[in-house]
Structure formats: structure tokens, C-alpha cells
Amino acid sequence: GHAHLLKKRTVAVVGARNASLSGKNFARKISADLGAAGFLVASGMARGLDAAAHQGAMDSGTVAVLGGGVDVIYPRENEALYHELTERGAIISEVELGTKPQARHFPPRNRIISGVARATIVVEASLHSGSLITARMALEQGREVCAVPGSPSDPRAAGCNKLIKEGASLTQNAQDVLDLLLPIFNSPLSEHKTLKFK
């Protein structure tokens, strides 16, 4: 794909594979809006919310981080998305070419998704979702974690609601993410002032 995209400020959008229609629509919209604001959108090319996030940000720039080699299309149902990413976005992986993805590859893959992004936005996630691993890694890496609230009766919202309880930024639209990140990006870098004692 296009390596120059990786120079852009990045946010990650992740979530459930068995996503709801409204969850997928939300992921597309927030990704498109964040892309329009100048951000690269990172996700994992999984079915469900990851695919929706890539689709939403395709016009502005999106990167997929794979659990297998960059030449291995997984899942097969995302073959058209894979080819569109190679033509218009970017695809990266830390494993060798030709490597088929295995379960053990995905937590390290998630650490790259959160690592390249200044904030990770979790749209839908069950309590045992891999997206919560990505959120935990984001915290360990000193990144921001944003979560989209959902109905208490929907198991796909349980993970996000738990993240919000634990201090993640409640996120209802792209502006919430921009309000969180722009002050960080706009603050000047400076050395700590040395205290002088008389």
C-alpha cells in the first residue's frame, strides 16, 4: 500500500466481529469524520467493526494491521477490502510473508494497532473481546482509550460500558475524540524548567 500514510496522526477504531448494524454504521461514520479531520484510521481488517472502520476511512487514509503475513488475506470474506487497502490504504504486519494467522498472533497484532495510534476507540465489545486487550495495551503504552456506550441489555456493549466505568473517555462522535486529542497535539513541547534554589 501507501507507506506515506503512516506519517499521519493516527487513531484506532476497533470492536466486535459479530457487530450490530448500528455499530458498523457508527464505526464507518466516526472513521470518516476522523479521516476528514486529518487522522489516519488504524484497525485490524477483521470482519464486523474493523472492516466498517476501514471502509469509512478509505477516502482519507486507513491502515490495516494483520495477524498474518501482509500477503495473506484473512478472513477471506474481506478479500475485496484487502485489495482496496493495497490500492488506496496501507497494510502492515510484523510476521513473515506467507504466514497464516494463528490465535497467538492476534494479541501482538493488537499491541501494534494501539501502539501506532494516539487513541484507541472501542465501538462494541463483549466482556471477553480482543478489543479489550487492545484497550489495555493502549493504556500500558500511555495512549488514550475511548469507548462508545451501549445498551445494558446488549452483551456487545458490556465491554465498552465497563471501560467507561473504569475511566475511558465516553465517546458519542468524532468531536469527542478531537476534543480529547487536539489539546495534546497542540501543546508545545518544552524542557522541564529546573528549579533554582537560593
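Above this text you will find the structure in question.
The present account deals with the structure reproduced in this document.

Here is what the cut-offs are and how they apply
- Residues numbered from 1 in each chain as written.
- Predicted model: local features only at pLDDT ≥ 70, side-chain atom pairs only at ≥ 80, totals over all residues.
- Heavy atoms only, no water.
- Helix = DSSP H or I, 4+ residues; strand = E, 2+ residues; numbered from the N terminus.
- Buried < 20%, exposed > 50% of the residue type's maximum accessible area, 1.4 Å probe, protein only.
- Pairing = 2+ DSSP bridges.
- Right-handed = clockwise from strand over helix to strand, strands pointing away.
- Contact = heavy atoms within 4.5 Å.
- Axes fitted to C-alpha atoms, helices over the stretch in contact; angles between N-to-C directions.
- Salt bridge = Lys/Arg side-chain N within 4 Å of Asp/Glu carboxyl O.

**Comments concerning the environment of Gln172**
Turning to step 1, where the next piece is worked out: Mapped onto the fold, Gln172 is located in the loop between strand E7 (169-170) and helix H7 (174-186).
Turning to step 2, where the next piece is worked out: The exposure class assigned to Gln172 is exposed, which follows from its relative accessible area of 54%.
Turning to step 3, where the next piece is worked out: Through-space distance from the C-alpha of Gln172 to that of Glu144 is 15 Å; in sequence the pair is 28 residues apart.

**Thoughts on the pairing of strand E6 (residues 144-147)**
Turning to step 1, where the next piece is worked out: Pairing of strand E5 (residues 119-122) with E6 involves 4 bridges; the strand directions are parallel. Considered in E6, the bridge of Val122 is made with Ala147.
Turning to step 2, where the next piece is worked out: Note on the crossover from E5 through helix H5 (residues 130-140) to E6: the handedness is right-handed.
Turning to step 3, where the next piece is worked out: Taken together, the 2 bridges between E6 and E7 define a ladder with parallel strand orientation. Bridge pairing in E7 places Cys146 opposite Ser169.
Turning to step 4, where the next piece is worked out: Each parallel crossover has a hand, and the one from E6 via helix H6 (residues 155-165) to E7 is right-handed.

**Topic: the pairing of strand E3 (residues 62-65)**
Turning to step 1, where the next piece is worked out: Residue alternation in E3 divides its side chains into two sets, Thr62 and Ala64 and Val63 and Val65, and both sets are buried.
Turning to step 2, where the next piece is worked out: Running through helix H2 (residues 49-57), the crossover from strand E2 (residues 40-43) to the neighbouring parallel element E3 is right-handed.
Turning to step 3, where the next piece is worked out: Alignment of E3 against strand E4 (residues 90-92), held across 3 bridges, turns out to be parallel. Residue pairing in the sheet places Val65 in a bridge with Ile92 of E4.
Turning to step 4, where the next piece is worked out: In this fold, the crossover linking E3 to E4 by way of helix H3 (residues 79-88) has right-handed handedness.

**Some words on the environment of Pro75**
Turning to step 1, where the next piece is worked out: Within the fold, Pro75 resides in the loop between E3 and H3.
Turning to step 2, where the next piece is worked out: Owing to a relative accessible area of 7%, Pro75 belongs among the buried residues under this scheme.
Turning to step 3, where the next piece is worked out: The spatial distance from the C-alpha of Pro75 to the C-alpha of Asn161 is 28 Å, given a sequence separation of 86 residues.
Turning to step 4, where the next piece is worked out: Contact partners of Pro75, with chain neighbours within four places excluded, come to Met45, Ala46 and Arg47.

**Points about the sheet that holds E5**
Turning to step 1, where the next piece is worked out: As summarised here, the arrangement of the 7 strands in space is E4-E3-E2-E1-E5-E6-E7, forming an open sheet in which the pairing is parallel. This sheet does not close on itself; its edge strands, each paired only once, are E4 and E7.
Turning to step 2, where the next piece is worked out: Taken strand by strand, H2 contacts strand E1 (10-14), E2 and E3, and its axis lies near 160° from that of E2.

**Side note on the pattern of salt bridges**
Turning to step 1, where the next piece is worked out: Under the definition given, this model contains 9 salt bridges.
Turning to step 2, where the next piece is worked out: Between Asp33 and Lys29 there is a salt bridge, with the nearest N and O atoms lying 2.6 Å from each other. Within this pair, Asp33 and its partner Lys29 are both found in helix H1 (residues 21-36), separated by 4 residues, close to a single helical turn.
Turning to step 3, where the next piece is worked out: For Asp33, a relative accessible area of 30% translates into the label partly exposed.
Turning to step 4, where the next piece is worked out: For Glu84, the salt bridge identified is with Arg88, shortest N-O distance 2.7 Å. Of the two residues, Glu84 and Arg88 both sit in helix H3, 4 residues apart, roughly one turn of that helix.
Turning to step 5, where the next piece is worked out: When its relative accessible area of 30% is taken as the criterion, Glu84 is described as partly exposed.
Turning to step 6, where the next piece is worked out: It is possible to trace a salt-bridge network through shared partners that takes in Asp59, Glu84 and Arg88.

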